[in-house]
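Coordinate inspection notes
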Amino acid sequence: KQWYQRRVPITAGGFRKTVDQLITEAGSGLEHPLSLQLRAAILAGLWDKAMSTFNELCSMATNDDGKKEMKYLILEQKYLELLEKGDQMKALVCLQSEITPLQHCTSRLHILPSYLMLNSPDELRTEASWSGSEGGSRQQLINKIQAFLPTSVMLPPNRLEILLKQALTYQTEKCVFHNHSTTPSLANISLLEDHSCGRESFPAETKQILEHQDEVLDCKWSHSGLFLATGAGDGSLYIWRYNPQRHQLVEDKLVSIQYAVGQIAWSPDDTMIAVCGVEKCPEVVIWDITGAEAEMKCKISKSPEDLLTCCIWSPDGRYVYAGGLLGQFYRYELNVTMTNWEGVRLQAVLALRDNMTVLAADSHKRVRAYKFDDNIDETICDLEHQVVHMAITKKEKSTDCDSALIPLL
């Protein structure tokens, strides 16, 4: 109870009487008494009272720079409000005798005098990018000041809202069948009970069947979600376009490959697609799919004896990484250069967002990280079984390999 009333500012929610009653029953204040006085003085526009309270409170600031910044912020607000009321003489005195001697934020000191020449409060608010005394600027000032004071002295702004959002996020992350694109909020999730989406909310009904003449070996959605590529054992590669009005996929184009389509990789901008085979495939073929017909862009291959069965694009679209079980591991820059890492027998590859690191699952049941530019490699983990496919979480904290969750950090 004491922790809650000390740490959660429910006054922001308009429950001032509730807070007062809670403080009375708990026998402990919500914030330091001086911070309450400073808050009240700022909200009321009592600047002399605010400065005298600040002078008592500033010993609790984190450092000297913080003290000077807080004082400057209070005096700047005072100066702007005097101008807003049309009291240029008092504003000039404030500027010359209080703000200028601080010698703080000199870039602003060159701008503040120009506000004396403005003709109206509206012009002042526009030029100063300031919401005005009645527009929330006083509360914004309090929020800025809080950043320089310990939370035990003045509570952070919107702390209750932040805590509630954390609770909602935690519950949705633990929900097995959670399938909502909307951000969790109190408008759609209740804290009166633990959040749980029913199994019926998870897609489990067949809506459409896409036909191939042979076994489908791989399928990949484009990054935009507007296209689906499916490849089969007979060498057929279909590009399907999603129709959002009908919620269906329609055939967009067909690409014929010389071998069974084993793996598909979309370029980051979805304009190209890299394709490799399952076995006896010495190359990775890159197709441009932006036109009415797919156009072969280039091939990645160093020798007819190669066996390339996995591929991935770097997140920046500059490179394609490809490898296989005969020891080839290539980094290919389109129509420029190809770098080879000798002796690595690959089952699957992933490229990280730093555009330098590649994760590769090899024939020794390991996941290893490779950096081609630095010629550095290291083992991330050892597994009990061969890895045939890998997927990575959005935050790149873990990768999923044959249903085994592997921490990366």
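See above for the structure.
None of these values were measured; they are calculated from a predicted model. (Residues numbered from 1 in each chain as written. Predicted model: local features only at pLDDT ≥ 70, side-chain atom pairs only at ≥ 80, totals over all residues. Heavy atoms only, no water.)

This brings us to the overall build of the chain. In terms of helices and strands, the chain carries 10 helices and 19 strands. By residue count, 40% of the 409 residues in the chain fall in the buried class. Intrachain contacts of the chain at a sequence separation of at least 6 include 42% that bridge at least 24 residues. Approximately 23100 Å² of the chain is accessible, and the part contributed by carbon and sulfur atoms is 51%. (Helix = DSSP H or I, 4+ residues; strand = E, 2+ residues; numbered from the N terminus. Buried < 20%, exposed > 50% of the residue type's maximum accessible area, 1.4 Å probe, protein only. Contact = heavy atoms within 4.5 Å. Areas by Shrake-Rupley, 256 points an atom, 1.4 Å probe, with all protein chains shown as cover.)

Moving on, we get to unusual backbone geometry. A positive phi angle, close to 60°, is found at N355, a residue other than glycine. Mapped onto the fold, N355 is located in the loop between β13 (346–351) and β14 (357–362). For K365, which is not glycine, the phi dihedral falls at a positive 65°. Of note, K365 is situated in the loop between β14 and β15 (366–371).

Another aspect to go through is the sheet that holds β15. With respect to topology, four strands assemble into an open sheet ordered β13-β14-β15-β16, the strand pairing being antiparallel. The sheet terminates laterally at β13 and β16 (376–382), the two strands that pair on one side only. Across this sheet, the average inter-strand angle for adjacent strands is 25°, counted without regard to direction. Sheet topology note: the β15/β16 ladder contains six bridges and is antiparallel. Paired with K371 across the strands is I376, a residue of β16. (Pairing = 2+ DSSP bridges. Axes fitted to C-alpha atoms, helices over the stretch in contact; angles between N-to-C directions.)

The final tally for this structure, using the stated rule, is 15 salt bridges. We note a salt bridge from D362 to R366, for which the minimum N-O separation is 2.9 Å. We classify R366 as partly exposed; its relative accessible area is 23%. When the shortest N-O distance is used, the salt bridge between D377 and R368 registers 2.5 Å. (Salt bridge = Lys/Arg side-chain N within 4 Å of Asp/Glu carboxyl O.)

Let us look at helix α4 (residues 47–57). Here α4 has its buried residues at W47, A50, M51, T53, F54 and L57. End-on view of α4: buried residues confined to an arc of 165°, all on one side of the axis. Buried residues in α4 make contact with α3 (33–44), α5 (64–84) and α9 (137–146). (Arc of directions from axis to C-beta.)

Here we come to the layout of surface pockets. Of the pockets and cavities examined, the largest pocket occupies roughly 720 Å³. Looking at the largest pocket, it is lined by 27 residues, and the ones nearest its centre are K220, H223, I312, L350 and I392. Contributions of two or more residues to the lining of the largest pocket are made by β1 (216–221), β5 (261–266), β9 (310–313), β13 and β17 (390–392). Along the lines of polarity and charge, the residues of the lining of the largest pocket split into 17 nonpolar, six polar and four charged. (1 Å grid on protein atoms, 1.4 Å probe; cavity = no way out; pocket = protein on both sides within 12 Å on 5 of 7 lines; lining within 4 Å. Points joined across faces, edges and corners; volume = space filled by probe spheres on them. Nonpolar A, V, L, I, M, F, W, Y, C, P; charged D, E, K, R; others polar.)

Once that is clear, we can look at the sheet that holds β1. Read from one edge of the open sheet, four strands run β1-β2-β3-β4, paired in antiparallel fashion. Each edge of the sheet is formed by a strand with only one pairing partner; in this case those strands are β1 and β4 (248–256). Between one strand axis and the next, the sheet turns by 20° as a mean value, whatever way the strands run. Here strand β2 (residues 227–232) pairs with strand β3 (residues 236–243) via five bridges, running antiparallel. Bridging from a neighbouring strand, L228 pairs with W240 of β3.

As a further point, take the packing of α5 against helix α6 (residues 88–99). At a minimum axis separation of 8 Å, α5 and α6 run at an interaxial angle of 160°. Of the possible angle classes, the one that applies to α5 and α6 is roughly antiparallel. The way α5 lies across α6 gives a crossing that is left-handed. Here Y72, L75, E76, K78, Y79, L82 and L83 of α5 come into contact with α6, specifically with Q88, K90, A91, C94, L95, E98 and I99. Across the contact of α5 with α6, the residue classes tally to nine nonpolar, one polar and four charged. (Parallel < 35°, antiparallel > 145°, perpendicular 65-115°, else oblique. Left-handed = near helix turned anticlockwise from the far one by under 90°.)

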